[in-house]
Amino acid sequence: MATKWPWSWWAGKAGAALNVKGAGGTGFVALHAQGEARWTRRDYSALAREGFMRNPIVHRSVRLISETASAIPWLLYEGAAELDDHPFLRLLERPNERQAGAGFMEALYGHLLLSGNAYVELVQTGGGARELHLLRPDRVAVACDGGGWPTALDYREGGTRRRIALGPTDGGGAVHLSLFHPLDDHYGFAPLEAALIALDTHNAAGRWNKALLDNSARPSGALVYAPKDGGNLTDEQFDRLKAELEEGYSGVTRAGRPLLLEGGLDWKAMGLTPKDMDFIEAKNSASRDIALTFGVPPMLLGIPGDNTYSNYQEANRAFYRLTVLPLVARTAKELSAWLAPAFGEGLRLWYDADQVEGLAGEREALWQRVGAAGFLDDDEKREAVGYPPRG
């Protein structure tokens, strides 16, 4: 017989009909569609929550970079002369009453890595004192003039809102540090956004494994009811069977309990085993992608796989040279351009590479090569390794 299908997706087809053949028994029909993947939102709060706060690879990568970079001491130059004591250095050593210099810089680098942006406000207090404060990226919006050039920052916290001028001003001012973004003129691009697929894959694999353990360490399945003499389960029988499955066969404490089936019931597994899905390798591959995005050698994070470094020392040296020092140098130039006018022209902030323990091997090799260069006098040798001439 010809019967119009009652479902809404069928209703729009004029004259559509379905031929149904009669059958002696009663059966089931199931429609399956592949769902679209759900991705983490590309905003600061979502990336911080799903990445730094819930993913161990992101958490360790951000902390490793920010803690290592914040431990590198600063140097201040006026022309070619190095200054040992200066208000600029004291401000970086103690930016405000709540934070010391290392903690302040660690938070600044963390903002850059998780959002692609870092906002620092200079506050002028009574008696000419100055303080530096970080503004959380998700509370800041860049304000532009009629020509589209950024001129200020709009900071919102709860119901309050205030505008802070960019650059040094009489009352303080602010600076916006950002990472390169190919499609945005004012905001930076967070490295974690480039690894969003790897992040969600890693988190989903962890949740799947946890759910598998909670569900008796077995993949999901289905009870198939196929009686020989026809008929269906009554509502009471269906509810009782469902309750027995949930209360008696789910959870880690009930793992391995045998399932008693009766009345034409048969269990059919509906899922691949962990070996087939190979979640461990999927997690390791996602971990390597995340580490690659942040510029951290997988060897430093304990991730197994195709490590490209022959030993830990070489990986650590590459981490400093390719990731940490470029970030510190970029920050030093930004802070110099912003704060130097407030303390006097001619000041230049830089980092002290000689105090970096991870580069001790390179420094020792350089000193040996320079010391063996007989065609250089003492002042030229000192200049070659970064020291001023004597006297």
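Conventions we followed
- Residues numbered from 1 in each chain as written.
- Predicted model: local features only at pLDDT ≥ 70, side-chain atom pairs only at ≥ 80, totals over all residues.
- Heavy atoms only, no water.
- Helix = DSSP H or I, 4+ residues; strand = E, 2+ residues; numbered from the N terminus.
- Buried < 20%, exposed > 50% of the residue type's maximum accessible area, 1.4 Å probe, protein only.
- Contact = heavy atoms within 4.5 Å.
- Areas by Shrake-Rupley, 256 points an atom, 1.4 Å probe, with all protein chains shown as cover.
- Salt bridge = Lys/Arg side-chain N within 4 Å of Asp/Glu carboxyl O.
- Pairing = 2+ DSSP bridges.
- Axes fitted to C-alpha atoms, helices over the stretch in contact; angles between N-to-C directions.
- Parallel < 35°, antiparallel > 145°, perpendicular 65-115°, else oblique.
- Left-handed = near helix turned anticlockwise from the far one by under 90°.
- Phe/Tyr/Trp six-rings, centres within 6.5 Å; stacked < 30°, edge-to-face > 60°.
- Lys NZ or Arg CZ within 6 Å of the ring centre and 35° of its normal.
- Patch = residues over 30% accessible without salt bridge, like charges linked within 9 Å, V, L, I, M, F, W, Y side chains within 5 Å.
- Lys, Arg positive; Asp, Glu negative; His and termini not counted.
- Charge placed at Lys NZ, Arg CZ, Asp CG, Glu CD.
- Core = buried A, V, L, I, M, F, W, Y, C linked by side-chain atoms within 4.5 Å.
- Polar contact = N/O pair within 3.5 Å; in protein donor to acceptor, adjacent residues only side chain to side chain.
- pLDDT = per-residue confidence, 0-100.

(A) Here's a closer look at the overall build of the protein chain. Counting secondary structure elements, the protein chain contains 14 helices and 14 strands. Buried positions account for 35% of the 391 residues belonging to the protein chain. Of all intrachain contacts in the protein chain linking residues separated by at least 6 positions in sequence, the fraction that spans at least 24 positions is 59%. Of the accessible surface of the protein chain, which amounts to about 24000 Å², a share of 53% is contributed by carbon and sulfur atoms.

(B) Quick look at the pattern of salt bridges. A full pass over the atoms with the stated rule returns 8 salt bridges. Residue R54 pairs with E50 through a salt bridge whose shortest N-O separation is 2.7 Å. Taking the shortest distance from any N to any O, the salt bridge between R162 and E121 comes out at 2.9 Å. One end of the pair, R162, is in strand β9 (residues 160-165); the other, E121, is in strand β5 (residues 117-124), with 41 residues separating them in the sequence. Classification of R162 as partly exposed rests on a relative accessible area of 38%. Ionic contacts of the salt-bridge type, sharing partners, join the residues D154, R161 and R163 into one network.

(C) Focus on the sheet that holds strand β3 (residues 74-78). What the 3 strands build is an open sheet, ordered β4-β3-β14; its pairing is antiparallel. Since the sheet does not close on itself, it has two edges, and those belong to β4 (81-83) and β14 (347-351), each with one partner. Each adjacent strand pair in this sheet contributes to an overall mean axis angle of 40 degrees, direction not counted. Pairing between β3 and β4: 3 bridges, direction antiparallel. Pairing of E78 across the sheet is with A81, part of β4. Most of the contacts of helix α12 (residues 312-343) go to β14, to which it runs at about 160 degrees, and overall it touches β3 and β14.

(D) Examining the packing of helix α3 (residues 56-70) against helix α5 (residues 101-115) more closely. Here α3 crosses α5 at 135 degrees, and the two axes come no closer than 8 Å. When the axis of α3 is compared with that of α5, the two are oblique. Crossing of α3 over α5 shows right-handed handedness. The residues of α5 that touch α3, namely those facing V58, V62, I65, S66, E67, A69 and S70, are A102, M105, E106, Y109, G110, L113 and L114.

(E) Just the packing of aromatic side chains, in detail. Within the structure shown, the criterion is met by 3 aromatic pairs. A centroid spacing of 6.1 Å and a plane angle of 65 degrees characterise the contact between F319 and Y320, whose relative ring orientation is edge-to-face. Summarising the burial analysis for this pair, F319 and Y320 share the class buried. Here the basic side chain of R130 rests over the ring of F343, its NZ or CZ set 4.7 Å away from the ring centre.

(F) Quick look at a negative patch on the surface. Taken together, the side chains of D377, D378, D379, E380 and E383 make up a negatively charged region of the molecular surface. Looking at the secondary structure, you find E383 in helix α14 (residues 378-384). By relative accessible area, which is 59% here, E383 ends up exposed.

(G) Summary view of the side chain of S70. Looking at the secondary structure, you find S70 in helix α3. Excluding residues that lie within four positions of it along the chain, S70 makes contacts with A102, M105, E106 and Y109.

(H) Geometry of the nonpolar core. W74, L108, V120, L132, F294 and L349 are the most contacted members of the largest nonpolar core, which has 64 residues in total. At 14 residues, α12 tops the list of elements feeding residues into this core. Beyond its immediate sequence surroundings of up to four residues, W74 is in contact with L89, L92, M105, Y109, V328, A332, L349, W350 and Y351.

(I) Just the pairing of strand β8 (residues 150-157), in detail. Alignment of strand β7 (residues 140-144) against β8, held across 5 bridges, turns out to be antiparallel. The partner of C144 across the bridge, within β8, is P150. Alignment of β8 against β9, held across 6 bridges, turns out to be antiparallel. Paired with A152 across the strands is A165, a residue of β9.

(J) Expanded view of the sheet that holds strand β6 (residues 130-135). Read from one edge to the other, the open sheet built from 4 strands follows the order β6-β5-β11-β10, with strand pairing classed as antiparallel. Looking at which strands have only one partner, the edges of the open sheet turn out to be β6 and β10 (167-169). Geometrically, the sheet is characterised by an average inter-axis angle of 15 degrees between neighbouring strands, direction not taken into account. Sheet contacts for α5: β5, β6 and β11 (172-178); angle to β5, the most-contacted strand, approximately 145 degrees.

(K) Layout of the environment of H59. Tracing the backbone shows H59 in helix α3. Take H59: its relative accessible area is 28%, and that puts it in the partly exposed class. In sequence terms H59 and A48 are 11 residues apart; their C-alpha atoms lie 9.2 Å from each other. A polar side-chain atom of H59 sits 3.0 Å from the main-chain carbonyl oxygen of F52.

(L) Quick look at the confidence of the model for the protein chain. In this model, the protein chain carries an average pLDDT of 78, and 72% of its residues clear a pLDDT of 70 or more. Across residues 9-13 the pLDDT falls below 50, and counting only partners more than four positions away or on other chains, this stretch makes 3 contacts in the model. Every residue in residues 23-36 is under pLDDT 50, and counting partners more than four places away or in other chains gives 3 contacts.

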